[in-house]
Amino acid sequence: MSCCDAGAMSVQDALTTMLAQITPVSAHITVPLTTAQGHILAENVLSPLNMPPFDNSAMDGYAFRFADWRDGIVMPVAGTALAGQPFSGEIPVGACLRIMTGAQVPAGLDTVIMQEHTAQTSEGVLFTQQPKAKANIRYLGEEIRIGDVVLTAGTRLHARALPLLATLGLPEVKVHRRLKVAIFSTGDELKLPGTPLHEGEIYDSNRYGIEAMLNRMGIECLNFGIIPDDPAQLRDTFIQAAQTADAIITSGGVSVGEADYTKDLLLELGEVGFWSVAMKPGKPFAFGKIRDKHFFGLPGNPVSAFVTFYQLVQPALRKLAGEISVAPLRIPAIAEHNFRSAKNRVDFQRGYMSVNTEGQITVRSTGAQGSGMFTSLCAANCFVIVENDVPVGTSVTVELFNEIVN
Ligand code: AMP
Ligand code: MG
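Residues numbered from 1 in each chain as written. Chains lettered and ligands numbered in written order. Predicted model: local features only at pLDDT ≥ 70, side-chain atom pairs only at ≥ 80, totals over all residues. Heavy atoms only, no water.

A. Seen up close, the overall build of the protein. Of regular secondary structure, the protein possesses seven helices and 27 strands. Taking 406 residues into account, the globule formula puts the C-alpha radius of gyration at 22 Å, and the protein, at 30 Å, lies well above it. A burial count over the protein gives 46% of its 406 residues as buried. Counting contacts in the protein only where the partners sit at least 6 residues apart, residues at least 24 apart contribute 71% of the total. Counting only carbon and sulfur atoms, one obtains 53% of the accessible surface of the protein, whose full area is about 19500 Å². (Helix = DSSP H or I, 4+ residues; strand = E, 2+ residues; numbered from the N terminus. Rg over C-alpha atoms; globule rule 2.2 N^0.38 Å. Buried < 20%, exposed > 50% of the residue type's maximum accessible area, 1.4 Å probe, protein only. Contact = heavy atoms within 4.5 Å. Areas by Shrake-Rupley, 256 points an atom, 1.4 Å probe, with all protein chains shown as cover.)

B. Geometry of helix 3 (residues 206-216). Along helix 3, the positions that sit buried rather than exposed are Asn-206, Arg-207, Gly-209, Ile-210, Met-213 and Leu-214. The buried residues of helix 3 occupy an angular sector of 165° when the element is viewed end-on, so they sit on one face. Against strand 14 (180-186), strand 17 (220-227), strand 18 (247-251), strand 22 (293-298) and helix 6 (302-320) lie the buried residues of helix 3. Trailing helix 3 by a residue or two, Gly-218 shows a phi angle of about 75°, which is positive. (Arc of directions from axis to C-beta.)

C. How the structure looks around the side chain of Thr-118. Take Thr-118: it is sitting in strand 9 (residues 118-120). Judged by relative accessible area, Thr-118 falls into the buried class, the value being 15%. Engagement of the side chain of Thr-118 in a polar contact is seen with the backbone oxygen of Gln-115, the distance being 2.6 Å. Setting aside residues no more than four positions away along its own chain, Thr-118 makes contact with Tyr-62, Ile-113, Val-125, Leu-126, Phe-127 and Thr-128. (Polar contact = N/O pair within 3.5 Å; in protein donor to acceptor, adjacent residues only side chain to side chain.)

D. Local environment of the pattern of salt bridges. Applying the stated criterion across every chain yields a total of 10 salt bridges. Taking the shortest distance from any N to any O, the salt bridge between Glu-323 and Arg-318 comes out at 3.0 Å. Each of Arg-156, Arg-318, Glu-323 and Glu-403 takes part in a single network of salt bridges with overlapping partners. (Salt bridge = Lys/Arg side-chain N within 4 Å of Asp/Glu carboxyl O.)

E. The arrangement of the nonpolar core in detail. Of all hydrophobic cores here, the largest spans 46 residues; its most connected members are Leu-214, Ile-249, Phe-285, Phe-296, Phe-309, Leu-312 and Leu-317. Looking at this core element by element, the count peaks at 11 residues for helix 6. Counting contributing residues per domain, this core is built from domain 1 (11-27 + 177-320) and domain 4 (330-400), each supplying no fewer than three. Not counting the four nearest positions on each side in its chain, Leu-317 is found in contact with Leu-179, Val-181, Leu-214, Met-217, Ile-219, Ala-247, Ile-249, Phe-296 and Phe-309. (Core = buried A, V, L, I, M, F, W, Y, C linked by side-chain atoms within 4.5 Å. Domains from an automatic or database assignment.)

F. Up close: the sheet that holds strand 9. With antiparallel pairing, three strands are arranged side by side in an open sheet as 5-10-9. Two strands close off the open sheet at either side, each with one partner strand: strand 5 (74-75) and strand 9. Direction of pairing for strand 9 relative to strand 10 (residues 125-127): antiparallel, over a ladder of three bridges. Paired with Gln-120 across the strands is Val-125, a residue of strand 10. (Pairing = 2+ DSSP bridges.)

G. Representation of the sheet that holds strand 6 (residues 77-81). The strand order across the open sheet built from four strands is 6-7-4-8, with neighbouring strands paired in mixed fashion. Looking along the sheet, the strands with just one partner apiece sit at the ends: strand 6 and strand 8 (111-114). The average undirected angle you get between the axes of adjacent strands in this sheet is 30°. With three bridges joining them, strand 6 and strand 7 (residues 96-99) adopt parallel strand pairing. Across the sheet, the residue bridging to Ala-81 is Ile-99, located in strand 7. (Axes fitted to C-alpha atoms, helices over the stretch in contact; angles between N-to-C directions.)

H. Quick look at the pairing of strand 4 (residues 61-64). Examined bridge by bridge, strand 4 and strand 7 share three bridges and lie antiparallel to one another. If you follow Gly-61 over to strand 7, its bridge partner there is Ile-99. Alignment of strand 4 against strand 8, held across four bridges, turns out to be antiparallel. Its bridge partner being in strand 8, Phe-64 is matched across the sheet by Thr-111.

I. Representation of the state of the cysteines within the structure. Taken as a whole, this structure holds zero disulfides when the rule is applied. You can see Cys-382 has no disulfide; the closest cysteine sulfur is in Cys-378, sitting 14 Å from it. Exposure remark for Cys-382: the relative accessible area of 0% places this residue in the buried category. (Disulfide = S-S within 2.5 Å.)

J. Structural context of the packing of helix 1 (residues 11-21) against helix 6. Packing of helix 1 against helix 6 leaves a shortest axis separation of 10 Å and a crossing angle of 25°. With respect to their mutual orientation, helix 1 and helix 6 come out roughly parallel. The hand of the helix 1/helix 6 crossing is right-handed. Contacts between helix 1 and helix 6 involve Val-11, Ala-14, Leu-15, Met-18 and Leu-19 from the first element and Gln-311, Leu-312, Pro-315, Ala-316 and Lys-319 from the second. Across the contact of helix 1 with helix 6, the residue classes tally to eight nonpolar, one polar and one charged. (Parallel < 35°, antiparallel > 145°, perpendicular 65-115°, else oblique. Left-handed = near helix turned anticlockwise from the far one by under 90°. Nonpolar A, V, L, I, M, F, W, Y, C, P; charged D, E, K, R; others polar.)

K. Region of the structure containing the packing of aromatic side chains. Scanning the model with the defined rule gives 13 aromatic pairs in all. Arranged with centres 5.2 Å apart and planes meeting at 65°, the rings of Tyr-310 and Phe-383 form a pair that is edge-to-face. Of this pair, Tyr-310 sits in helix 6 while Phe-383 sits in strand 26 (residues 382-386), placing them 73 residues apart in sequence. A relative accessible area of 3% places Tyr-310 in the buried class. The structure contains a cluster of three or more aromatic residues connected by ring pairs, namely Phe-64, Phe-66, Trp-69 and Phe-127. Cation over ring: Lys-263 sits above Trp-275, and NZ or CZ is 4.7 Å from the ring centre. (Phe/Tyr/Trp six-rings, centres within 6.5 Å; stacked < 30°, edge-to-face > 60°. Lys NZ or Arg CZ within 6 Å of the ring centre and 35° of its normal.)

L. Representation of unusual backbone geometry. Put simply, Met-51 and Pro-52 share a cis peptide bond, and its omega is -5°. Its place among the elements puts Pro-52 in the loop between strand 2 (45-46) and strand 3 (56-57). In this structure, Pro-281 follows Lys-280 across a cis peptide bond, with omega equal to -5°. Here Pro-281 is to be found in the loop between strand 20 (279-280) and strand 21 (284-290). Of note in this structure, Lys-134 is not a glycine but carries a positive phi near 70°. For Lys-134, the location among the structural elements is in the loop between strand 10 and strand 11 (137-138).

Here it is, written out as structure tokens:
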């Protein structure tokens, strides 16, 4: 690790440096599908079934042999097949089978006509529209074959993946064990909401956002509360946190005035990676180790803590948890007003994206952008990533907030 007191590291270099040093937790557990939401798959899932598992009807209607059909003929109905109740009798040449959606199509029949395209007569069924050969059948294995990889290791099990696993009849899955992350706020001025404030004090807000985001990431949060700016207490807390958690996140105490306690403790108990990232908000951001656990030191200013967590810590923890890393989706939007850039730093401004009457994506600022001003963050739905001044009406990059903050 190289230490970079002089000059801040670029956001991209900071991410690359962190990700290169993080190895996913290796322990795996098996969880039932019913509690698997949010867990990260530890291995590829291979399909034990063909999907569909048998030829079946996509419609309520009549199954028949296409070769038997002539315009104007009436087909007698030889029987009925329901979902879960296959028809096992014979179907004579020229006859058809009444069939419901999901019912097995017997071998030999190759086409289904939907009920709405038929008429009943006393002798059977007359087709009122010309059928198409092989229509309305969902064929065995047309989506998935036995042995196909349906989900890859590192996938987070969300509401789209869980039904797929259930479809394949899998009652449980092998996942990475949940991460445990310790968090605490540092600062003599910090008080718990619900307690009175004395002169010069403020309420601790940072832990509430960080814990909420950790929860949404499926991470167990070990919340150590507020620790005063006292080296002995900080030291004890760091040691305790390193004994119980996979990673440690603090806020405050990494800006120039206070950096020394944290930095000295890192030097004593672990190692210092980097200390400053060229982003706004959030230039002071520390990465290192306490014992063998990853340490992320967020700036104290609430918006800075939030934005650095989102942009830097989130991808790092996703990798530690075993998740495949996916770069955030960033797209161009039209600036509804001028955006001023920060000199030599990427500015992650808080904005609101919408679609105008011409169908174009536009973005506006949600208000004053001070690094302690949470109202504009709360009102935002995206980051406006400002690297250079952006004149009104021109294109700027935006990143819609993901599920961890919504
Ligand atoms: P620091 O990074 O410790 O120098 O703090 C920078 C600014 O953020 C100061 O105004 C602190 O009072 C404020 N701050 C630090 N920690 C928190 C916190 N947990 N909640 C709210 N504000 C904080
Ligand atoms: Mg402080």
